[in-house]
Amino acid sequence: MSYLEAVADFYTEVAETPDVGLCCVQSTPVQMPGLRVPKQMQDMNYGCGTTVHPAELTGEPTVLYIGVGGGLEALQFSYFSRRPEAVIAVDPVESMRTAAQQNLSVAAEQNDWFDASFVSIRAGDAFSLPMPDNSVDVVAQNCLFNIFEPEDLKKALAEAYRVLKPNGRLVMSDPITTREIPEHLRDDDRLRAMCLSGALTYEDYTQKIIDAGFGQVEVRARRPYRLLNAKHYQLNEHLMLESLDCVSFKVPIADDGACVFTGKMAVYAGEQDYFDDSAGHILQPGVPLAICDKTASNLGKFDDIVVTDSTWHYDGGGCC
């Protein structure tokens, strides 16, 4: 049995018998006025963060959601795109698709604004998305891509890039690891399916996104996710996993590299009226400017520029 078959078997189990201890189901879903989440749907919230960022969802975008889970985020996306098939949810596990459809039917009974036709649930997987090139505004996935081995992750990111329109957004939430995960854990298919052993480091994760062609990456949140106990998992010391929410844009990669925003700011502390680095960044004295990490590295070389640390929370604007 391949690791992907083991993953499919695992999610067949949790579709038929929801596991309320899997991933971050204890977290509160994003709240919107007039949105009611059915209990069964909340119990099947198999995600590690959120991909629902209202600022990314203006203009009723067409959303392709990979891995439908219990349908929670498909319902939340529908809150912003209230038209038939505005949200396309793709999942290879039949029982998961069935459970999500049932949950969405309950949601239609509990929410006057929602119609189950707003979400189209389709068979398919991340490696061969059932959509044409350049056809959707947003691709989203929550706690799925971390399961993939490196070559499969490369395929999944390439597929997401293919179906996105120019300037479209790939919205992801995945566990990352604070150091390399040992091989004996990576080879455990069930731990991989549980999102505990397939995670990459932050550096590897973001580089994979850039390698797929995304020219801008914005970190929305980074926080603790799970602690792998040294004794239980046969480690030399405890290993912390973190949850990373990010939005990646299908824009060209600049000649000097992609822009990755992690919440850094630059502040001019000199005596002139302004600072101009001749690369498109003009700083007023004492006024912080949001900058990407690439620009932070360049500006950090100047004595009269103060560059702040990453906050791991960035919601748009800034230098690029």
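For the structure itself, look to the data block above.
Just so it is clear, the structure is predicted and the values come from calculations on it, not from any experiment.

So, how was this worked out
Residues numbered from 1 in each chain as written. Predicted model: local features only at pLDDT ≥ 70, side-chain atom pairs only at ≥ 80, totals over all residues. Heavy atoms only, no water. Helix = DSSP H or I, 4+ residues; strand = E, 2+ residues; numbered from the N terminus. Rg over C-alpha atoms; globule rule 2.2 N^0.38 Å. Buried < 20%, exposed > 50% of the residue type's maximum accessible area, 1.4 Å probe, protein only. Contact = heavy atoms within 4.5 Å. Areas by Shrake-Rupley, 256 points an atom, 1.4 Å probe, with all protein chains shown as cover. Lys, Arg positive; Asp, Glu negative; His and termini not counted. Charge placed at Lys NZ, Arg CZ, Asp CG, Glu CD. Patch = residues over 30% accessible without salt bridge, like charges linked within 9 Å, V, L, I, M, F, W, Y side chains within 5 Å. Salt bridge = Lys/Arg side-chain N within 4 Å of Asp/Glu carboxyl O. Core = buried A, V, L, I, M, F, W, Y, C linked by side-chain atoms within 4.5 Å.

Novice: Sorry if this is basic, but what is going on with the overall build of the protein here?
Specialist: On a plain count of helices and strands, the protein comes out with 9 helices and 13 strands. The C-alpha radius of gyration of the protein comes to 21 Å, within 12% of the 20 Å expected for a compact globule of 320 residues. With the principal axes as the frame, the protein shows a C-alpha extent of 65 × 50 × 35 Å. Across the 320 residues of the protein, 54% fall into the buried class. Taking contacts inside the protein between residues at least 6 apart in sequence as the whole, the part at least 24 apart equals 76%. With the model as given, the accessible surface of the protein reaches about 14300 Å², and the carbon-plus-sulfur share is 49%. One way to put it: in the protein the 25 positive side-chain charges average out to a point 3 Å from where the 46 negative ones average out.

Novice: Before we go on, may I ask you to explain a negative patch on the surface in this structure?
Specialist: There is a patch of like negative charges on the surface, built from Glu 149, Glu 183, Asp 187 and Asp 188. Tracing the backbone shows Asp 188 in the loop between helix 6 (183-186) and helix 7 (189-193). Overall, the relative accessible area of 30% leaves Asp 188 in the partly exposed class.

Novice: Just to check I follow, could you spell out helix 3 (residues 72-80) for this structure?
Specialist: In an α-helix, one turn spans 3.6 residues; hence positions three or four apart end up facing the same way. Within helix 3, 9 of the 9 residues are buried, leaving the element largely enclosed by the surrounding structure. In this fold, the buried residues of helix 3 make contact with helix 2 (39-43), strand 1 (63-66), strand 2 (87-91), helix 4 (94-110), strand 3 (119-123) and strand 4 (136-142).

Novice: Quick question: what am I supposed to make of the nonpolar core here?
Specialist: Note that soluble globular proteins tend to have their nonpolar side chains buried in a common cluster. The biggest cluster of nonpolar side chains holds 88 residues, and the ones touching the most others in it are Tyr 11, Leu 64, Val 139 and Phe 145. Not counting chain neighbours up to four residues away, the residues in contact with Leu 64 comprise Ile 88, Val 90, Leu 129, Met 131, Val 136, Val 138, Val 139, Ala 140 and Val 163. Among the nonpolar cores identified, the runner-up in size contains 8 residues, and Ala 266, Phe 275, Leu 283 and Leu 299 belong to it.

Novice: Got a minute to help me understand the pattern of salt bridges in this structure?
Specialist: Oppositely charged side chains can form a pair if their charged atoms are brought close together. Under the defined criterion, the tally for this structure stands at 12 salt bridges. The partner of Arg 122 in a salt bridge is Glu 85, and the shortest N-O contact between them spans 3.5 Å. Here Glu 85 lies in the loop between helix 3 and strand 2 and Arg 122 lies in strand 3, a separation of 37 residues in the sequence. The shortest N-O distance in the salt bridge between Glu 242 and Arg 222 comes to 2.6 Å. A residue pair is termed long-range when its members are at least 10 positions apart, and Glu 242 in strand 7 (residues 239-249) and Arg 222 in strand 6 (residues 216-228) qualify at 20 residues. Overall, the relative accessible area of 16% leaves Glu 242 in the buried class. Assessed through its relative accessible area of 24%, Arg 222 is described here as partly exposed.

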